[in-house]
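A structural walkthrough
Each chain, written out:
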Amino acid sequence: MTSYECMPATLQVETTRETTFDLFRRWGYLQASLDPLGQLLPPTPFPIADPAPDEDSPDTKEARRIYASSVGAEFMHIPSAEKRAWIQQRLEAPFINPDAVTPTIPAARILTGLLRADLFEQVIQQRYLGTKRFSLEGLTVLIPFLDQLFTTAAELGVNRSLFTMSHRGRLNVMVNTINRPSRDIFTKFEDVDPRSTLGGGDVKYHIGATGDFITATGKTVHLHLASNPSHLEAADPVIMGRARAYQERLAKNRSKENFLEARRQVLPMIIHGDAAFAGQGIWAESLNLATLHGYNIGGTVQVIVNNLLGFTALPGESNSSRFASDLAKRLPIPIFHVNAEDPQAVVRIAALAAEYRQTFHSDVVVDLIGYRRHGHSEVDDPTVTQPLRYAKIKDHPPLYQLYAKQIGVDPAEEIAFSQGKFLEEQKAATAANRKPKLFDIRDYWNPYYGGPLRADDDPRTGLDLAEIASLTNALTTPPEGFHVHPKVQKLLEQRVEMGTGKKPLDYGMAELLAYASLLKVGTPVRLSGQDTQRGTFNQRHSVLIDIENETRFSPLWNLGPKQGRWSVYNSMLSEAACLGFEYGFSRDYPEALVLWEAQFGDFANGAQIIIDQFLSAGEAKWGLLSGLVMLLPHGYEGQGPEHSSARIERYLQLAAQDNIQVAQPSTAAQYFHLLRRQSLRKWRKPLIVFTPKSMLRHPDAMSPVADLTLDHFQNVLPDNSVTNPHRLLVCTGKIGHNLRVERDKRKVTDVAIIFLEQLYPFPEAELQAALDQHPSATEIVWVQEEPANMGALSFVIPQLRRLAGDRAVLSVKRTAAASPATGSAKAHALEEKTLIDLALGHES
């Protein structure tokens, strides 16, 4: 007789019940009925079921009803027993003790949301046939889902939600959740006043919106739907960065309690498409930011509007696993799959998701599984690629009709009323003559502006020597008893000499002085990137580490009682998500100096979508400004194709309409003034800075402390050392220093070297003055390290020709190449010698 058979009968029953329930808690989602059309996601056997559950058992029936009906829950992979127990209790309570369940919105309110969602789409279909709108039909349950989510969240302290979403259902959400007048949306379809957006603007289903949502209990939640491009998941890290900025604004000091309260008040949400959730790499990067220091926003509600179709691709063509959501299992967070045609289950899970986020400050995923009534856009014919599915959809009633029948309500009167209101709004839109503005700009943007730079926006960036000496003392004094690494201690001693004028300043010290000067007067500074605290090239050391206990200390935390917040983070190994996050942060913290640093400049190409769609085009498309600074190490030093060029040409190709600033400061003092100018101006434009590598500590690029007292950053550095030259070399960055060194070594006296410090906006007047300073010159030569098809050549040469008058305009550069640089250090040296020989006109 086995020990099991010896157990008391009651214990055997309880053990059997627990075993059954445990099986369904772990694997019930595999047998849940999730596709409203019953064609996809058929039930699959449990991976472990020996013996198989007794389907006639009451325990099995109850467990199946909870875990394998229209809700499938994945949560048993979460290591925390507390979280698993919490989810288990919330899922099982409605079937055990309904009175203990979090209340949900009334059925009548659910029906109204479903009905208005469908009718809105139908009016657009009737009045604007064949126009893209990315209809929500087939997943209109998203509207009551959001209703319940915000209602529950508001009861738990949320008063603001920032979110982003893909195209599908965006216009519907604007009207039925954000409460924008439907007239505004219809006016977008009328495309009135086209002249107002010549060369700019965006399509209606990319633009953001703001509004107030009134919950079922009468509370108000301020909503902000962010603008985003067609790159479906690119806005994910952006909205996360924006949420972090909002939360830091609310947290009056750095206390843990204040941050927790700020996170309770601001709810971030991302609404994904199923194929994009599974397929877009930037989303995998963004998901990993969830709990990282410097990026934690107290949890994001992740919602998948799951059509089981990505354009024309079926799930088996879009993701390698059963669910589009499976990527989320890289984190210990719950995933709830819900059949989108069970509205009661949907709102129950919405309430649970809100409560989970507020309780555990964690991400939570809700996978709303429905269908897509039309093609990817309304101009597509989906019967070509999915004939069987769309044959079934054709005869499938709208959800509001099914739900009205389920709850025993005749919606005819409400249909007539809502449809009449939409048609009335559509008629008003046909008479509109101005495009509506769908979103409001927060008050903290009032002092700042875009467009062209104003002539009077020219703040002094220099400091007096006494202030520099005071900041130097703060930057080089660790706490008493702090054990600094001997090498770092030596650096601190050198920095004391730099700040007091005994030695010239290098880039690292000039940079920290710029940050310290801003922080001391209350300006927040946020800097992130890979190895940023120390610096890729061992140049920064903004954070000191005690060698005995690894305690961290930054001198920039202790500058004065009213100083701004100093935040410096070593980021994860990502470019796209991290740059997107910092762009988002800068969008809602315009008074802060926000910087992102690439480990090497060309690594930024991993974030090209963020650069193209947000940094360079955000103002033109959406009227949204950012003062984000990108620090991109650049310079040809024989380190190979991936560690030489930061791809200057790409940023200059994007430069137009005063959208960005592009600069390459050639000295430590110029770098200091550039950083301060970016913060002190009210002009908010992204700043692309090509920073040095080998020149970080090179004597030719170091600056006397007196240069930090000068009034301004100089867009052009003229050459005052040569009289009556016949050739003017114009260049930017490291090559200019190399040319100066070789000119002096070779005793060349007829060549002047002019540094172009700012490439865009192009400093025409300053460069013209520097050229006209040498009327004897007959040649102007642009010199660059990069190949002919790269660098600033194609951008600068037309400008030089306009300014040259009757002087010849020539160029010296490497031969056009597919790769930015050679992988041979010796080949590099040969190439550079040839460049310098040609530029100076004198062989060594």
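The shown structure was predicted, so the numbers you read here are calculated from the model rather than taken from an experiment.

**A look at the overall build of the chain**
Scanning the chain from terminus to terminus reveals 28 helices and 22 strands. What you see for the chain is a C-alpha radius of gyration of 31 Å, in line with the 28 Å of a compact globule of 844 residues. Projected onto the principal axes, the alpha-carbon positions of the chain cover approximately 100 × 70 × 50 Å. The 844 residues of the chain split such that 59% are buried. On the chain, roughly 33100 Å² of surface is accessible, and the fraction owed to carbon and sulfur atoms is 52%. Between the mean site of the 88 positive side-chain charges and the mean site of the 96 negative ones, the chain shows a separation of 3 Å.

**Some words on the packing of aromatic side chains**
Taken as a whole and judged by the stated rule, the model has 27 aromatic pairs. Geometrically, the ring pair formed by Phe 150 and Phe 163 is tilted, given 6.4 Å between the ring centres and 50 degrees between the ring planes. In this pair, Phe 150 is assigned in helix 5 (residues 142-155) and Phe 163 in strand 2 (residues 160-165), connecting sequence segments 13 residues apart. On the basis of relative accessible area, Phe 163 is assigned to the buried category, the value being 0%. Seen in terms of ring centroids, Tyr 295 and Tyr 569 are 6.2 Å apart; in terms of plane orientation they differ by 50 degrees. Their pairing is tilted. Here Tyr 569 lies in strand 12 (residues 566-570) and Tyr 295 lies in the loop between helix 11 (281-287) and strand 6 (301-306), a separation of 274 residues in the sequence. We classify Tyr 295 as buried; its relative accessible area is 1%.

**Details of the sheet that holds strand 19 (residues 751-756)**
Pairing within the open sheet is mixed, and its 5 strands lie in the order 17-19-18-21-22. For this open sheet the edge positions go to strand 17 (716-717) and strand 22 (808-814), each flanked by a neighbour on one side alone. Across 5 bridges, the pairing between strand 18 (residues 727-731) and strand 19 is parallel. Bridging from a neighbouring strand, Arg 727 pairs with Val 751 of strand 19. Docked against the sheet, helix 27 (residues 793-803) engages strand 18, strand 19, strand 21 (779-787) and strand 22, running at close to 165 degrees with respect to strand 22. In the packing of helix 28 (residues 825-840) onto the sheet, contacts are made with strand 18, strand 19, strand 21 and strand 22, and the angle to strand 22 comes to roughly 170 degrees.

**Considerations on unusual backbone geometry**
A cis amide bond links Tyr 760 to the next residue, Pro 761, at an omega of -10 degrees. With respect to the secondary-structure elements, Pro 761 resides in the loop between strand 20 (758-760) and helix 26 (764-772). Notably, Asn 538 is not glycine yet its phi reads approximately 60 degrees, a positive angle. Within the fold, Asn 538 resides in the loop between strand 9 (525-529) and strand 10 (544-545). Judged by relative accessible area, Asn 538 falls into the partly exposed class, the value being 38%. Notably, Asn 724 is not glycine yet its phi reads approximately 55 degrees, a positive angle.

**Points about the pattern of salt bridges**
On inspection of all chains with the given rule, the structure shows 41 salt bridges. Salt-bridge contacts for Glu 92 lead to Arg 25; the nearest nitrogen and oxygen are separated by 2.8 Å. Note that Glu 92 is positioned in helix 3 (residues 81-96) and Arg 25 in helix 1 (residues 9-27), a separation of 67 residues in sequence. Just as Glu 92 is buried, Arg 25 falls in that class too. Shared partners join several salt bridges into a network, and the residues in it are Glu 742, Lys 745, Arg 746, Lys 833 and Asp 837.

**Points about the side chain of Glu 248**
Mapped onto the elements of the fold, Glu 248 is located in helix 8 (residues 235-250). If we skip the residues at most four places from it in the chain, Glu 248 touches Phe 259, Arg 526, Arg 565, Phe 585 and Tyr 589.

**Here's the deal with empty space enclosed by the protein**
Per the counting criterion, the structure on display carries 11 cavities of 30 Å³ or more. The volume enclosed by the largest cavity comes to roughly 100 Å³. The wall of the largest cavity is formed by 16 residues, among which Asn 306, Leu 308, Pro 315, Asn 319 and Ala 324 lie closest to the centre. For the lining of the largest cavity, the elements supplying multiple residues, two or more each, are helix 10 (274-279) and helix 12 (315-318).

**Things to note about the pairing of strand 19**
Among the 6 residues in strand 19, 6 count as buried, and that is most of the element. Along strand 19, one buried face is formed by Val 751, Ile 753 and Phe 755 and the opposite face, lined by Ala 752, Ile 754 and Leu 756, is buried too. In this structure, strand 17 lies alongside strand 19, joined through 2 bridges in antiparallel fashion. Bridge pairing in strand 19 places Leu 717 opposite Phe 755. A crossover connection joins strand 18 to the parallel strand 19 through helix 25 (residues 734-746); in handedness this β-α-β unit is right-handed.

**Quick look at the nonpolar core**
Formed by 175 residues in total, the largest nonpolar core has its most connected members in Leu 142 and Leu 149. Of all the elements, helix 13 (residues 343-360) adds the most residues to this core, at 10 residues. The residues contacting Leu 142, other than those within four sequence positions of it, are Leu 136, Met 165, Val 173, Ile 271, Val 303, Val 305 and Leu 368. Counting 45 residues, the second largest nonpolar core, distinct from the first, contains Ile 468, Ala 510, Val 543 and Leu 687.

**Some remarks on the packing of helix 17 (residues 465-475) against helix 18 (residues 486-499)**
Direction vectors running N to C along helix 17 and helix 18 enclose 175 degrees, while the axes themselves pass 9 Å from each other. Looking at the two axes, helix 17 sits roughly antiparallel to helix 18. Here helix 17 contributes Ile 468, Ala 469, Thr 472 and Leu 475 to the contact with helix 18, which in turn contributes Leu 492, Arg 495, Val 496 and Gly 499. Class assignment for the residues of the contact of helix 17 with helix 18 results in 5 nonpolar, 2 polar and 1 charged.

**As for the environment of Gln 799**
Within the secondary structure layout, Gln 799 lies in helix 27. You can call Gln 799 buried: its relative accessible area is 16%. Placed 239 residues apart in sequence, Gln 799 and Gly 560 show a C-alpha to C-alpha distance of 46 Å.

**A few points about helix 5**
The end-to-end C-alpha separation of helix 5 is 20 Å, in line with the 20 Å expected for 14 residues at 1.5 Å each. Helix 5 sits mainly inside the fold: 13 of its 14 residues count as buried. In the stretch just after helix 5, Gly 157 is the one whose phi turns positive, near 110 degrees.

**Brief notes about the side chain of His 774**
Residue position: His 774 is located in the loop between helix 26 and strand 21. Judged by relative accessible area, which is 3%, His 774 ranks as buried. Every residue in contact with His 774, bar those within four places of it in the chain, is listed here: Asp 719, Val 722, Pro 725, Leu 728, Ala 752 and Arg 807.

**What about the sheet that holds strand 2?**
With respect to topology, 8 strands assemble into an open sheet ordered 1-7-8-6-5-2-4-3, the strand pairing being mixed. With one partner strand each, in any of the chains shown, strand 1 (71-74) and strand 3 (209-214) form the two edges of the open sheet. For this sheet, the mean inter-axis angle between neighbouring strands, taken without regard to orientation, is 20 degrees. Here helix 5 sits on the sheet in contact with strand 2, strand 3, strand 4 (220-225), strand 5 (266-273), strand 6 and strand 8 (364-369), set at roughly 160 degrees to strand 5. In the packing of helix 13 onto the sheet, the strands contacted are strand 1, strand 5, strand 6, strand 7 (335-339) and strand 8, and the crossing angle to strand 7 comes to about 165 degrees.

**Looking at the confidence of the model for the chain**
A residue-level look at the chain finds 96% of positions with pLDDT of 70 or above and a mean pLDDT of 92. Contacts of residues 1-13 to residues separated by more than four positions or lying in other chains number 5 contacts, the stretch itself having pLDDT below 50.

**Description of the packing of helix 19 (residues 507-520) against helix 24 (residues 668-680)**
At their nearest, the axes of helix 19 and helix 24 sit 8 Å apart, and the two run at 25 degrees to each other. Taken together, the axis directions place helix 19 and helix 24 in an arrangement best described as roughly parallel. As helix 19 runs across helix 24, the sense of the crossing is right-handed. Residues Tyr 507, Ala 510, Glu 511, Leu 513, Ala 514, Tyr 515, Ser 517 and Leu 518 of helix 19 touch helix 24, and the partners they reach there are Ala 668, Tyr 671, Phe 672, Leu 675, Arg 676, Ser 679 and Leu 680. Classifying every residue of the contact of helix 19 with helix 24 by side-chain character gives 11 nonpolar, 2 polar and 2 charged.

Reading guide: rules and limits
- Residues numbered from 1 in each chain as written.
- Predicted model: local features only at pLDDT ≥ 70, side-chain atom pairs only at ≥ 80, totals over all residues.
- Heavy atoms only, no water.
- Helix = DSSP H or I, 4+ residues; strand = E, 2+ residues; numbered from the N terminus.
- Rg over C-alpha atoms; globule rule 2.2 N^0.38 Å.
- Buried < 20%, exposed > 50% of the residue type's maximum accessible area, 1.4 Å probe, protein only.
- Areas by Shrake-Rupley, 256 points an atom, 1.4 Å probe, with all protein chains shown as cover.
- Lys, Arg positive; Asp, Glu negative; His and termini not counted.
- Charge placed at Lys NZ, Arg CZ, Asp CG, Glu CD.
- Phe/Tyr/Trp six-rings, centres within 6.5 Å; stacked < 30°, edge-to-face > 60°.
- Pairing = 2+ DSSP bridges.
- Contact = heavy atoms within 4.5 Å.
- Axes fitted to C-alpha atoms, helices over the stretch in contact; angles between N-to-C directions.
- Salt bridge = Lys/Arg side-chain N within 4 Å of Asp/Glu carboxyl O.
- 1 Å grid on protein atoms, 1.4 Å probe; cavity = no way out; pocket = protein on both sides within 12 Å on 5 of 7 lines; lining within 4 Å.
- Points joined across faces, edges and corners; volume = space filled by probe spheres on them.
- Right-handed = clockwise from strand over helix to strand, strands pointing away.
- Core = buried A, V, L, I, M, F, W, Y, C linked by side-chain atoms within 4.5 Å.
- Parallel < 35°, antiparallel > 145°, perpendicular 65-115°, else oblique.
- Nonpolar A, V, L, I, M, F, W, Y, C, P; charged D, E, K, R; others polar.
- Expected span 1.5 Å × (residues − 1).
- pLDDT = per-residue confidence, 0-100.
- Left-handed = near helix turned anticlockwise from the far one by under 90°.

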